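These are the residues of each chain, in order.
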Amino acid sequence: MAIRDGAAGGYLHRAIVRLTGSAGQWVEVTENGYFDGTRPGATMTSEEAAIVIERLRKKILKRSLVLT
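Residues numbered from 1 in each chain as written. Predicted model: local features only at pLDDT ≥ 70, side-chain atom pairs only at ≥ 80, totals over all residues. Heavy atoms only, no water.

Caption draft 1: Spotlight on the overall build of the chain. Scanning the chain for helices and strands turns up three helices and zero strands. Starting at the N terminus and ending at the C terminus, the chain contains elements arranged as α-α-α. For the chain, the proportion of its 68 residues judged to be buried stands at 21%. Across the chain, every contact between residues at least 6 apart in sequence was considered, and the portion connecting residues at least 24 apart equals 63%. Within the structure as shown, the chain displays about 4700 Å² of accessible surface, and the carbon and sulfur contribution to it stands at 62%. (Helix = DSSP H or I, 4+ residues; strand = E, 2+ residues; numbered from the N terminus. Buried < 20%, exposed > 50% of the residue type's maximum accessible area, 1.4 Å probe, protein only. Contact = heavy atoms within 4.5 Å. Areas by Shrake-Rupley, 256 points an atom, 1.4 Å probe, with all protein chains shown as cover.)

See below:
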C-alpha cells in the first residue's frame, strides 16, 4: 500500500515544516520511503499513520542490529 498523506498545504506538511523549519524534510521522508510524496500536505488516516510507524520501527531495529 502506498502511503499518501495529503494535498499541498495540508496538516502533515505544515507540521513537518513547523517542527523542522524546512520543507526539505518532506523530501527526505519521501526519499526514505515513509511516504510516496503524492499528497505532501493532507491529513493521514489512522491506517496510514500505523504503516509509517511500522516503517520507522523496522528501520530503527535494522540500525540497532547493525550497531551491535
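Caption draft 2: Molecular detail of the pattern of salt bridges. Going through the model one piece at a time under the given rule, you end up with one salt bridge. Of the charged contacts, one joins arginine 57 and glutamate 54 as a salt bridge, the two residues approaching to 2.7 Å between their closest N and O atoms. Placement of both arginine 57 and glutamate 54 in helix 3 (residues 46-67) is noted, with a separation of three residues, approximately one turn of the helix. When its relative accessible area of 28% is taken as the criterion, glutamate 54 is described as partly exposed. (Salt bridge = Lys/Arg side-chain N within 4 Å of Asp/Glu carboxyl O.)

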